[in-house]
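Read off the chains here:
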Amino acid sequence: MRAVRWHGKKDVRVDTVPDPEIVNPRDAIVRVTSTAICGSDLHLYNGMIPTMQAGDILGHEFMGEIVALGSSVGNLQIGDRVVVPFTIACGQCFFCEKTLTSLCDNSNPADNQDIAEALMGHSPSALFGYSHMLGGYAGGQAEFVRVPFADTGCFKVPAHLSDDQVLFLSDILPTGWMAAENADIERGDTVAVWGAGPVGQFAIRSAFLMGAERIIAIDHRPGRLALAAEAGAETIDFETVDVMAALAETTGGRGPDRCIDAVGMEAHGLAIDNIADRTKQAVGLATDRPHVLRQAIVACRKGGTISMPGVYGGLVDKLPMGAFVNKGLTLKTGQTHVHRYMQPLLARIESGEIKPDVIISHRLPLEDAPGAYDDFLNRQDEFTKVVLQL
Ligand SMILES: NC(=O)c1ccc[n+]([C@@H]2O[C@H](COP(=O)([O-])OP(=O)(O)OC[C@H]3O[C@@H](n4cnc5c(N)ncnc54)[C@H](O)[C@@H]3O)[C@@H](O)[C@H]2O)c1
Ligand SMILES: [Zn+2]
Ligand SMILES: [Zn+2]
């Protein structure tokens, strides 16, 4: 089959590789019909995530049709059309029983758990196509993919909805939703959202549904800010406006009630702290650039909440912990517990309340993946979201 493989920093190729096979009784093989490139894939593309190996198959946002099933999968049939959550979860462990599926104890194989435990104390769930520390599973930017724990990891979708309408249930729609949920929004709140990428876009739309009165989107890509404005957000271009002064002014000095960091470890911009982080990264002295998290902590109103869907990879420094503690802030974060949100968000798609396909800017064949990665990184204004179609 053809598959998108990581060969090193900024080196992604479409190669011919062996087809996946059923390994365990709870597996399914899915023939992929649509798969997307995520902002998280850019962290891999930029070589920021440890334990990638040359030849790893990428992709964790995908859907398709079941073409083979393990002997113990009783709730699926060959031919079912399914969306697959990017977090791999057993459905039975302590964490899965609490619907904390991105923290599943069983999906990351033991050897890989050892690496994760050394870095993080404990291993989260495995993810598709996202390093050996997080499972080493082949991803879904491919013609076929093996889905472990398919009985909980394949979500059936109705035939009358198109791939474009349901594909993002795999990741970024639940991620935007959980980001808003984690922000503890109360009716009438003002919410600041850093990053108007796909995650920020869905966080904005979800926050309005949860009762936010004002949302302020911060980015430096005019096209993405325009998309946020279409959803009703006010916008700040951080290249031309002083973000901290603007947030203070527009909230009468109090600060936004809720702050969402939908940027993560690779903040852009020429702020002095970000330049220092970038320099340290370049010589291997730092893993992350937490400029946005710093801004969010200082900007947030006293007693407010910071929600952080943006991914961080390692250690961060110069965090204003004094402000965090003395202002009594709350921080909530995590890889998304995708399984928990698929059914309720599908219902909102069916009712027309959420229209996930509005963020798609490009639909391209799988063979175009190398150029699509490059464009999604370097031409972010035009390339809001790329779907690879098979
Ligand atoms: N928690 C999860 O489960 C989960 C799931 C999916 C994605 N993510 C993470 O969410 C983040 C966003 O994902 P995405 O797909 O939207 O990525 P993306 O790269 O498409 O978008 C990020 C946006 O942030 C903007 N940005 C950069 N620096 C900024 C700054 N200083 N201030 C304001 N905006 C800034 C960029 O211009 C860009 O538009 C990534 O870190 C990704 O890894 C997390
Ligand atoms: Zn993703
Ligand atoms: Zn589990």
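Parameters at a glance
- Residues numbered from 1 in each chain as written.
- Chains lettered and ligands numbered in written order.
- Predicted model: local features only at pLDDT ≥ 70, side-chain atom pairs only at ≥ 80, totals over all residues.
- Core = buried A, V, L, I, M, F, W, Y, C linked by C-beta atoms within 7 Å.
- Buried ≥ 20, exposed ≤ 12 C-beta atoms within 10 Å, placed from the backbone.
- Domains from an automatic or database assignment.
- Contact = placed C-beta atoms within 7 Å.
- Helix = DSSP H or I, 4+ residues; strand = E, 2+ residues; numbered from the N terminus.
- Nonpolar A, V, L, I, M, F, W, Y, C, P; charged D, E, K, R; others polar.
- Pairing = 2+ DSSP bridges.
- Axes fitted to C-alpha atoms, helices over the stretch in contact; angles between N-to-C directions.
- Near = placed C-beta within 6 Å.
- Parallel < 35°, antiparallel > 145°, perpendicular 65-115°, else oblique.
- Left-handed = near helix turned anticlockwise from the far one by under 90°.

Draft legend 1. The arrangement of the nonpolar core in detail. Counting 117 residues, the largest nonpolar core has V30, V193, A203 and A217 as its most contacted members. Residues from two domains meet in this core; each of domain 1 (2-171 + 336-389) and domain 2 (173-333) gives at least three. Setting aside anything within four residues of it in sequence, one finds V193 in contact with G200, A203, I204, I215, A217, I218, I260 and A262.

Draft legend 2. Layout of the domain arrangement of the chain. Taken domain by domain, the chain holds domain 1 (2-171 + 336-389) and domain 2 (173-333). Taking the mean C-alpha position of each, domain 1 and domain 2 sit 26 Å from one another. With 24 residues of domain 1 at the contact, the number on the domain 2 side is 20 residues. Elements with a minimum of two residues in the side of domain 1 that touches domain 2: helix 1 (39-45) and helix 13 (338-350). No other element matches the four residues that helix 13 contributes to the side of domain 1 that touches domain 2. Within the side of domain 1 that touches domain 2, the residues separate by chemical class into eleven nonpolar, eight polar and five charged.

Draft legend 3. Layout of the sheet that holds strand 16 (residues 330-333). Taken in spatial order, the six strands of this open sheet run 13-12-11-14-15-16, and their pairing is parallel. In this open sheet, the two edge strands, each paired with only one partner strand, are strand 13 (234-237) and strand 16. This sheet shows a mean twist of 20 degrees between the axes of neighbouring strands, independent of strand direction. Pairing of strand 11 (residues 190-194) with strand 12 (residues 214-219), which is carried by five bridges, proceeds in the parallel orientation. Looking at strand 12, one finds that W194 is bridged to I218. Packing of helix 11 (residues 291-299) onto the sheet brings it into contact with strand 11, strand 14 (258-261) and strand 15 (305-308), and relative to strand 14 it is tilted by some 180 degrees.

Draft legend 4. Layout of the site of ligand 1. Lining the immediate surroundings of ligand 1 are 35 residues, of which G39, S40, G195, G197 and G264 lie closest. Among the elements that line the shell around ligand 1, the one with the most residues is helix 1, at four residues. Each of domain 1 (2-171 + 336-389) and domain 2 (173-333) gives at least three residues to the shell around ligand 1.

Draft legend 5. Focus on the pairing of strand 1 (residues 2-8). Inspection of the sheet shows strand 1 paired to strand 2 (residues 11-16) by six bridges, in the antiparallel sense. Each bridged residue has a counterpart across the sheet, and for R5 the counterpart in strand 2 is R13. A loop of two residues connects strand 1 with strand 2, the two strands running antiparallel in sequence, and K10 in this loop sits at a positive phi of about 55 degrees. When strand 1 meets strand 4 (residues 56-57), the two strands line up antiparallel, connected through two bridges. The residue bridging R5 from the neighbouring strand is I57, located in strand 4.

Draft legend 6. Here's a closer look at the pairing of strand 9 (residues 144-147). Covered by surrounding structure in strand 9 are F144 and R146 together with V145 and V147, the residues of both alternating faces. Pairing between strand 3 (residues 28-36) and strand 9: four bridges, direction antiparallel. Pairing of R31 across the sheet is with F144, part of strand 9.

Draft legend 7. Structural detail: the packing of helix 6 (residues 172-182) against helix 7 (residues 198-209). Across the interface, helix 6 lies against helix 7 with an axial gap of 7 Å and an inter-helix angle of 55 degrees. If you check the angle between helix 6 and helix 7, you find them oblique. Judged by the twist between their axes, the crossing of helix 6 over helix 7 is right-handed. Residue-level contacts link I172, L173, T175, G176, W177, A179 and A180 of helix 6 to P198, V199, Q201, F202, A203, R205, S206 and A207 of helix 7. Grouping the amino acids of the contact of helix 6 with helix 7 by side-chain chemistry returns ten nonpolar, four polar and one charged.

Draft legend 8. Focus on the packing of helix 9 (residues 243-250) against helix 11. Remark: helix 9 packs on helix 11, axes separated minimally by 10 Å, with the N-to-C direction vectors making an angle of 30 degrees. Relative to helix 11, the element helix 9 is oriented roughly parallel. As for the relative orientation of helix 9 and helix 11, their crossing is right-handed in sense. Residues V243, M244 and L247 of helix 9 touch helix 11, and the partners they reach there are Q295, V298 and A299. Of the residues belonging to the contact of helix 9 with helix 11, the class tally is five nonpolar, one polar and no charged.

Draft legend 9. Representation of the environment of I275 within the structure. Tracing the chain through its elements places I275 in helix 10 (residues 272-282). Classification of I275 by C-beta neighbours within 10 Å gives partly exposed; the count is 13. C-alpha separation for the pair I275 and D151, spaced 124 residues apart in sequence, amounts to 47 Å.

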